[in-house]
Amino acid sequence: MTQLTKAEEMVLLSVMRLKEQAYGVAIKQDIKEITDKSLPYGTLYFLLDKLTVKLFVDKELGESTAERGGRRKTFYQITASGIDALKSAFDQQSRAWTNFASMDLHEGFGK
Amino acid sequence: MNNRTFPFLARWLLTRLAVKRNSLSLIGDMYEEYAVCISHQRWIQRQQWLFTEIMLPLISFLRNHFLWRRGMLSNYFKISFRNLKRSPGYTTINIVGLAVGMAACMLIFLWVQDELSFDRFHQHHKQIYRIIQHRDGGWSSSTPFSLPRTLKKDFPEIEQVSRFRNQSAYVKYDDKAFYEEIGFIDPDFIDMFSFSILSGNKETPIETESQVIITQSAAIKYFGQDDPIGQVLNLDNDTDVTVTAVVQDPPKNSSMQFTILTNFKAVGQRMDLSWWTGCNAYVRLSEQSIPADVIQKIDGTTMKYDQRIKNNQINESLQPLTRMHLYGLNKLGPILYVVLFSIIAAVVLIIACINFINLSTAQASKRAREIGLRKTVGASRGSIVRQLYGETLVLSFLAFFIAIIMVAICLPGFNQMAAKEITLLDAGKLPVLLGLFTIALLTGLVSGSYPALLLSRYRPIQVLRDGASKGARNPRLRRILVIFQFTAAIILISSTLIIQRQMHYVQNKDLGFQKTDIVRLNINNTLRPNLESFKNRLRQNTTIVSVTSANTTPNQIRNINPFYWEGRSPDESETLNFTTVDHDYFKTFGLEMAEGRAFAKEFASDSDRENPGYIINEAAVAHTGLTDPIGKMFSIWNAEGRVVGVVKDFHSRSLHDVIKPVIFLCSNNWQHYWVFISIDPSQRREAMTAIESTWDEMAPDYPCDMEFLEDIDRERYAEDGRIASLFNAFTYLAIFISCLGLLGLAAFLAEQRTKEIGIRKALGASTFNISQLMSREFILLLGISNLLSWPVAWFAMQRMMTAWAYRETIAWWIFAGSGAIAILIALATVSYQSIKAARSNPVDALKYE
């Protein structure tokens, strides 16, 4: 199973959350709401491309509007293997973060 | 939202740089978001949005791009440096060969540019034309004094006219006195030509004949730091003239050269209106006029105004100022050499490039593995092509800089040889330098093409398994290249030999008159009244063989005048070359009479004013068609006289021209310009001292400026000599470059056949067998080169020799000889390598097997 990077994970989660409405602008805003950081379109499309190549998302051309200067939207949709990837990532993460909340944060590395 | 509202630069960057498969949706997304920005946010926030969305990614894109490239680039440099270091011999030959070729090309380029720039510095050069006349079967730039004025009066298209006649004069100021070139000009001259007046009267500096303009360098020479304006100079110990303006020195690439300019009226009122005395004249046409129409209109003007011409057809035409220097009049001028040298430059550069291609190809097998490996680890064909092009470009630019240094070093010597003042670095040379840069770029690209395109095509598996690919050895191409460069070299060698032979012929040809041990002196105002006594005093000296005075030098008879003769009426006059001489002329120059006698004092009628005696040359006899010419009537200016003798033809002009009819008139009354003194060669020094002391007594206010006829004759071929030595130099260069290439190639072949040679030696082949084996192919190729080059060289030289009316034949042995020279040089080059290979110990070659 291919590992997801943190950024890919964010994008993939966002695509899943947005369901049919997952296209560039929407994904970018969604990510901004969660992380409070703006992801430039260049980076966003780079990540979406990687996810497409890994077959974690499908893409499909949508309608065009006047405010887009006549250019069509590309809608992304998560695939079954994408969901698998998220699941395994979640599993890994939860294992890795187990007991994080109960740890004494000042004990481990302070010395 | 539409294209207009989205910033143009951002849009452009996006369309260029966004990944193609996403770009449409990506730009659409950006438009959508930017539209929101526009409606909700202020200007500064919009800019911030643009900055983070476009500028920041762009910056990181560029940085990554560069970092990736740098990694590869440093690897390319490392590898190519290692390759160069591995075979320093090849590298040196490659770079030096290319650099020498480029340097030669640059020098020719500079020379050609200098030749082409002649007379183009004049602001109105496109509208200025020289008046030329066609008569006696040839064009002449010497046009009647009255013609320009008449043309200006008659034809409105002609806006300005000026005559230009230059003459040497003895100029004095205080204790400083020199001979200077005086240009006699009409007032329009100042405005027509762009010799800029630096100080003084800029509008009307030469209203009268007693006003002169002097050049800046002359001003410094005569007046030093003083203000030259208003100073008085003395001309020919006779006239005082006032300096009214200072003009810039005429540049070297100006056809008109002078140190002093004065009004044409100074030539003399009577001459000024003449239809029979000539000088150069220029017109400036109005901008709207069509030159071809003007030429048609002015044609025949002299015939219309000068009623005395009946039998001669005289036509007028115009020659563009910019063609004057390059094209000459009746024969091709320097343009011939411009074209020829450009071809040579191209050939030399091509030879250098060929060597580069040849050697790079030869090196190819060594690089094949590297490229196979690069491909295996993922290099695209494009990146390999770029790498190899990059390498040759780096080498060619290295060669380019070495070439520039070479040119800078050679330029002073080159200038001396070509009599030029070319500089490498000044404002006007920018296009030249750009051109040279382009040459370097092209050389790199052309040289790189073969290895880059060939090597990048190899299949990695094949290369890695079989080692050196078969494609790397391309005997047919290599052979063609060798043939090409030696064909060029042999053409150059034989051409040089032919030109040298012609120069030798010209210097040693019997001109039909004595040119050795004859001193020429100019007759000035002081000497003229006492000319007879001056000559008589010289004759008394035992060291002096003979003395004569004449209107022109015997090898420069160009004056023309209308003549008629037995069987023709004065209306049927025809212009012929003519010169006035005294009684001793024929004796002094050792001219032989074919018929009749030379002029003699005993026959008073010889120099009679009304019915003089005439001597004509054989060409004139043939021209006039007189049978038994002695005693026949001949006439100039209605002075009907008798032919007393026929002189054998001699070269009255340079060897470029055929011998023309010449008429001699014995007269001391006519203006003589020169005294010729034949001296005893065994008492040269005494004779010269005697001449000088006599001169100082009789014309103390002029320097005794003795010239030898031999030097004058040699000087007229100086330009031909310069061309010959340029040819010579470039031939040596071409041979040198070809040999460098051959040396590299032979070394490579020897290396490739190391094992073969080892086995042959082990089986008993002698050193001689081996060297024979190695040289045989080259001899064959050179033989083919010879066959190819002979007809080309013969044809080219046949064309070039037409510039000479009298020329050495093009002998077959020249071609055979130059072929032999080329073969010898090539063999010497190759044999070094083949003997080295043949003498090697077979054990060394075979022990690694």
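These figures come from a predicted structure and were not determined experimentally. (Residues numbered from 1 in each chain as written. Chains lettered and ligands numbered in written order. Predicted model: local features only at pLDDT ≥ 70, side-chain atom pairs only at ≥ 80, totals over all residues. Heavy atoms only, no water.)

**Some remarks on the overall build of chain A**
Broken down by element type, chain A carries four helices and two strands. Helices (α) and strands (β) of chain A occur, in sequence order from the N terminus, as α-α-α-β-β-α. In summary, chain A has a C-alpha radius of gyration of 17 Å against a globular reference of 13 Å for 111 residues, an excess of more than 25%. In terms of principal-axis extent, the alpha carbons of chain A reach across some 60 × 30 × 20 Å. Approximately 7,100 Å² of chain A is accessible, and the part contributed by carbon and sulfur atoms is 57%. Taking the average place of the 16 positive charges on the side chains of chain A and the average place of its 15 negative ones, the gap between the two points comes to 4 Å. (Helix = DSSP H or I, 4+ residues; strand = E, 2+ residues; numbered from the N terminus. Rg over C-alpha atoms; globule rule 2.2 N^0.38 Å. Areas by Shrake-Rupley, 256 points an atom, 1.4 Å probe, with all protein chains shown as cover. Lys, Arg positive; Asp, Glu negative; His and termini not counted. Charge placed at Lys NZ, Arg CZ, Asp CG, Glu CD.)

**Here we look at the interface of chain A and chain B**
The interface is formed by 20 residues belonging to chain A together with 18 residues belonging to chain B. Looking at the side of chain A facing chain B, the largest losses of area belong to Tyr41(A), Glu67(A) and Arg71(A), adding up to 36% of the total buried there. The interface formed by chain A and chain B holds two salt bridges in total. The salt bridge involving Glu53(B) is made with Lys28(A); its shortest N-O contact spans 2.1 Å. Per-element tally for the side of chain A that touches chain B: the top contributor is strand β2 (residues 72-78) of chain A, with four residues. In terms of residue class, the side of chain A that touches chain B is made up of eight nonpolar, four polar and eight charged. (Contact = heavy atoms within 4.5 Å. Buried area = accessible area lost by both parts, 1.4 Å probe. Salt bridge = Lys/Arg side-chain N within 4 Å of Asp/Glu carboxyl O. Nonpolar A, V, L, I, M, F, W, Y, C, P; charged D, E, K, R; others polar.)

**Focus: the confidence of the model for chain B**
In regions of low pLDDT, the predicted coordinates are not meant to be interpreted in detail. When pLDDT is averaged across chain B, the result is 84; 95% of the residues are at 70 or more. At the low end of the mean pLDDT range in chain B sits helix α8 (residues 269-272) of chain B, at 65; at the high end sits strand β22 (residues 674-679) of chain B, at 92. (pLDDT = per-residue confidence, 0-100.)

**Here's the deal with the environment of Leu107(B)**
Residues and elements named next belong to chain B. Within the secondary structure, Leu 107 is located in helix α4 (residues 88-116). With 301 residues separating them in the primary sequence, Leu 107 and Ala 408 have C-alpha atoms 9.7 Å apart. Apart from the residues within four sequence positions on either side, Leu 107 is in contact with Val 407, Cys 410, Leu 411 and Phe 414.

**Quick look at the environment of Leu198(B)**
Residue and element names in this part refer to chain B. Checked against the element boundaries, Leu 198 lands in strand β6 (residues 197-200). Placed 372 residues apart in sequence, Leu 198 and Pro 570 show a C-alpha to C-alpha distance of 52 Å. With near-sequence residues (within four places) excluded, Leu 198 lies in contact with Gln 216, Val 246, Val 247 and Gln 248.

**Quick notes on the environment of Phe650(B)**
Residue and element names in this part refer to chain B. Residue placement: Phe 650 occurs in the loop between β20 (639-647) and β21 (662-666). In this structure Phe 650 comes out as buried when scored by relative accessible area, which is 1%. For the pair Phe 650 and Val 662, spaced 12 residues apart in sequence, the C-alpha separation works out to 9.8 Å. (Buried < 20%, exposed > 50% of the residue type's maximum accessible area, 1.4 Å probe, protein only.)

**Details of helix α25 (residues 812-839) of chain B**
For the α-helix, the turn length of 3.6 residues means that residues three or four positions removed from each other point alike. Residues and elements named next belong to chain B. With 28 residues, α25 ought to run about 40 Å at 1.5 Å a step, and its terminal C-alpha atoms sit 39 Å apart, in line with that. Those residues of α25 that fall on the buried side of the exposure criterion are Ile 814, Phe 815, Ser 818, Gly 819, Ala 822, Ala 826, Thr 829, Val 830, Gln 833, Ser 834, Ala 837 and Ala 838. Its buried side turned inward, α25 meets α16 (475-508), α22 (718-752), α23 (754-762) and α24 (767-800). (Expected span 1.5 Å × (residues − 1).)

**Points about the domain arrangement of chain B**
What the domain assignment reports for chain B is domain 1 (8-74), domain 2 (137-311), domain 3 (335-507 + 717-846) and domain 4 (527-700). In this structure, domain 1 of chain B and domain 4 of chain B have C-alpha centres spaced 92 Å apart. (Domains from an automatic or database assignment.)

**A word on the pattern of salt bridges**
All names here are of chain B. One pass over the structure, following the stated rule, counts 29 salt bridges over all chains. Across the pair Arg 520 and Glu 707 runs a salt bridge, and its minimum N-O distance is 3.1 Å. A residue pair is termed long-range when its members are at least 10 positions apart, and Arg 520 in strand β13 (residues 518-522) and Glu 707 in strand β23 (residues 707-708) qualify at 187 residues. Under the relative-accessibility criterion, Arg 520 is labelled buried at 8%. Take Glu 707: its relative accessible area is 29%, and that puts it in the partly exposed class. Put simply, Lys 648 and Glu 592 hold a salt bridge, and the shortest N to O gap is 3.3 Å. Taken together, the residues Lys 648 in the loop between β20 and β21 and Glu 592 in the loop between α18 (585-588) and β17 (593-596) connect sequence positions 56 residues apart.

**Notes on the pairing of β2(A)**
All names here are of chain A. By the criterion of burial, β2 is predominantly enclosed, with five of the seven residues buried. Relative to β2, strand β1 (residues 57-64) is paired through six bridges, and the arrangement is antiparallel. Across the sheet, the residue bridging to Val 57 is Ile 78, located in β2. (Pairing = 2+ DSSP bridges.)

**Remarks on the side chain of Lys515(B)**
Residues and elements named next belong to chain B. Mapped onto the elements, Lys 515 comes out in the loop between α16 and β13. Looking at Lys 515, its side chain comes within polar contact range of the side chain of Asp 713, at 3.1 Å. Once residues lying within four places of it in the same chain are set aside, the contact partners of Lys 515 are Gln 507, Leu 709, Glu 710 and Asp 713. (Polar contact = N/O pair within 3.5 Å; in protein donor to acceptor, adjacent residues only side chain to side chain.)

**Comments concerning unusual backbone geometry**
Positive phi, close to 55°, is recorded for Asp174(B), a residue that is not glycine. Checked against the element boundaries, Asp174(B) lands in the loop between β4 (158-173) and β5 (176-185).

**Examining the packing of aromatic side chains**
Aromatic rings in a pair are described by how distant their centres are and how their planes are angled relative to each other. Taken as a whole and judged by the stated rule, the model has 39 aromatic pairs over all chains. Here the guanidinium or amino end of Arg597(B) rests over the ring plane of Phe603(B), the centre of that ring lying 3.6 Å away. (Phe/Tyr/Trp six-rings, centres within 6.5 Å; stacked < 30°, edge-to-face > 60°. Lys NZ or Arg CZ within 6 Å of the ring centre and 35° of its normal.)

**Topic: the side chain of His583(B)**
Residues and elements named next belong to chain B. Within the secondary structure layout, His 583 lies in the loop between β16 (574-581) and α18. For His 583, a relative accessible area of 12% gives the class buried. If we ignore the near neighbours within four places in the chain, the residues touching His 583 are Phe 599, Ala 600, Lys 601, Ser 607 and Cys 666.

**A word on the nonpolar core**
Formed by 88 residues in total, the largest nonpolar core has its most connected members in Trp111(B), Phe341(B), Tyr585(B), Phe586(B) and Phe664(B). Among the nonpolar cores identified, the runner-up in size contains 39 residues, and Leu44(A), Phe56(A), Leu86(A) and Leu50(B) belong to it. (Core = buried A, V, L, I, M, F, W, Y, C linked by side-chain atoms within 4.5 Å.)

**Notes on a nonpolar patch on the surface**
On the surface, Phe51(B), Met55(B), Leu56(B) and Ile59(B) cluster together into a nonpolar patch covering about 340 Å² of accessible area. Position of Ile59(B) among the secondary structure elements: in helix α3 (residues 43-86). (Patch = residues over 30% accessible without salt bridge, like charges linked within 9 Å, V, L, I, M, F, W, Y side chains within 5 Å.)

**Here we look at the pairing of strand β19 (residues 633-636) of chain B**
Residues and elements named next belong to chain B. Every second residue of β19 is oriented toward a common face, with Met 633 and Ser 635 on one face and Phe 634 and Ile 636 on the other, all of them buried. Sheet topology note: the strand β15 (residues 560-565)/β19 ladder contains three bridges and is antiparallel. Along β19, the bridge assignment pairs Phe 563 with Ile 636. Pairing of β19 with β20, which is carried by four bridges, proceeds in the antiparallel orientation. Note that in β20 the partner of Phe 634 across the bridge is Gly 641. As consecutive antiparallel partners, β19 and β20 are separated by two residues, and within that stretch Trp 637 has a phi angle of approximately 50°, a positive value.

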